[in-house]
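Survey of secondary and tertiary structure
Here's the letter readout for the chains.
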Amino acid sequence: MSRLGTDIMASESSLRRKLLEAGYHVKLVDTVAYWRSLHRRGQLPTRADIDPAQIRTLLPCLALLDAQTPDGTPRYRLAGTGVVELFGQEPTGRPVAAIKGPLRDFLLDSWDDLNSLEMSVLDHESGLEHKGGRLATFRDDDAQLGSLYRYEGAFLPLSGAGGARVLLCLLRRFISDATSSVGRNQTRLFGRPA
């Protein structure tokens, strides 16, 4: 089990417990906790806030998206070794739409929502709107081995100049055939820690 430090975990213990009880992988939960720990004064973290040394054990399952394609659609800015293995190819520099698989629709739908008001969450304390993150678990029913794997994704927006950027945590988990089918299940997170 990867650890991110007692200060981060203490402030996020309730969220961590809920996500773990919901069956999310500990690496996805740790990524969400780390992202939320980077929020300052109600603002989303920037790419510069991410310190790879603090999340060394998470790096294989992480990727960054940005909108640097000519038409503004998302592309993989970089991808960890676990993401490359999950896709069976190197996605870095390629548009999200070009990589087939069960996560593509989740990522494209989340990207579209990020650029609309659907992912904005009103923070009742400050009265400000924030872009929230999104989690999903689902199976790839189209694949021959789809019943053997469960996919998990965390779509966590970042702020800053130069267009939208997103921190991703993408995982594929082996599950037994006895496990009931997991449909697409999305949960929204507030843009800043409670």
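Residues numbered from 1 in each chain as written. Predicted model: local features only at pLDDT ≥ 70, side-chain atom pairs only at ≥ 80, totals over all residues. Heavy atoms only, no water.

With that settled, consider helix H2 (residues 13-21). The set of residues buried in H2 consists of Leu 15, Arg 16 and Leu 19. All buried residues of H2 lie within an arc of 100° about the axis, which places them on one face of the element. The exposed set on the far side of H2, more than 90 degrees from its buried face, consists of Lys 18 and Glu 21. Downstream of H2 by one or two residues, Gly 23 has phi in the positive range, about 95°. (Buried < 20%, exposed > 50% of the residue type's maximum accessible area, 1.4 Å probe, protein only. Helix = DSSP H or I, 4+ residues; strand = E, 2+ residues; numbered from the N terminus. Arc of directions from axis to C-beta.)

With that out of the way, let us pick up the side chain of Thr 31. For Thr 31, the position within the fold is in helix H3 (residues 26-37). Not counting residues up to four positions away in its chain, the partners in contact with Thr 31 are Leu 58, Leu 62, Leu 156, Leu 167 and Cys 169. (Contact = heavy atoms within 4.5 Å.)

Before going further, it helps to spend a moment on the packing of aromatic side chains. All chains considered together, the criterion is met by two aromatic pairs. Look at Tyr 76 and Phe 87: their rings are 5.6 Å apart centre to centre, the planes differ by 65°, and that puts the pair in the edge-to-face class. Of this pair, Tyr 76 sits in strand S2 (residues 75-79) while Phe 87 is found in helix H4 (residues 81-87), placing the two residues eleven residues apart along the sequence. The class of Tyr 76 is buried, set by a relative accessible area of 1%. The class of Phe 87 is buried, set by a relative accessible area of 14%. (Phe/Tyr/Trp six-rings, centres within 6.5 Å; stacked < 30°, edge-to-face > 60°.)

Below, the discussion takes up the packing of H2 against H3. Interaxial distance between H2 and H3 falls to 10 Å at its minimum, and their mutual angle equals 155°. Comparing their axes, H3 and H2 come out roughly antiparallel. For the pair H2 and H3, the sense of crossing is right-handed. Here Leu 15, Arg 16, Leu 19 and Leu 20 of H2 lie close against H3, whose contacting residues are Val 26, Val 29, Asp 30, Val 32 and Arg 36. Here the contact of H2 with H3 is built from residues that sort into six nonpolar, no polar and three charged. (Axes fitted to C-alpha atoms, helices over the stretch in contact; angles between N-to-C directions. Parallel < 35°, antiparallel > 145°, perpendicular 65-115°, else oblique. Left-handed = near helix turned anticlockwise from the far one by under 90°. Nonpolar A, V, L, I, M, F, W, Y, C, P; charged D, E, K, R; others polar.)

We now examine the environment of Leu 114. Mapped onto the fold, Leu 114 is located in helix H5 (residues 102-114). Leu 114 gets classed as buried once you look at its relative accessible area, which sits at 8%. For Leu 114 and Arg 165, which are 51 residues apart along the polypeptide, the C-alpha to C-alpha distance reads 9.9 Å.

Relative to the helices and strands, Leu 44 resides in the loop between H3 and strand S1 (62-66). With a relative accessible area of 15%, Leu 44 lands in the buried category. Sequence spacing of Leu 44 and Ser 159 is 115 residues, and the spatial spacing of their C-alpha atoms is 5.5 Å.

Counting buried positions over the five residues of S1 gives five, a clear majority of the element. Residues of S1 alternate between two faces, with Leu 62, Leu 64 and Asp 66 on one and Ala 63 and Leu 65 on the opposite face, all of them buried. Bridge count between S1 and strand S7 (residues 165-174): five bridges; the pairing is antiparallel. The partner of Asp 66 across the bridge, within S7, is Arg 165. (Pairing = 2+ DSSP bridges.)

Once their charged atoms are close, side chains differing in charge can pair, the charge on each being opposite to the other. Inspection of every chain in the model, using the stated rule, returns six salt bridges. For Glu 152, the salt bridge identified is with Arg 150, shortest N-O distance 2.6 Å. Classification of Glu 152 as buried rests on a relative accessible area of 0%. Of the charged contacts, one joins Glu 152 and Arg 173 as a salt bridge, the two residues approaching to 2.7 Å between their closest N and O atoms. Here Glu 152, found in strand S6 (residues 149-158), pairs with Arg 173, found in strand S7; they are 21 residues apart in sequence, far enough to count as distant. Judged by its relative accessible area of 26%, Arg 173 is partly exposed. The network of salt bridges with shared partners includes Asp 66, Arg 75 and Arg 77. (Salt bridge = Lys/Arg side-chain N within 4 Å of Asp/Glu carboxyl O.)

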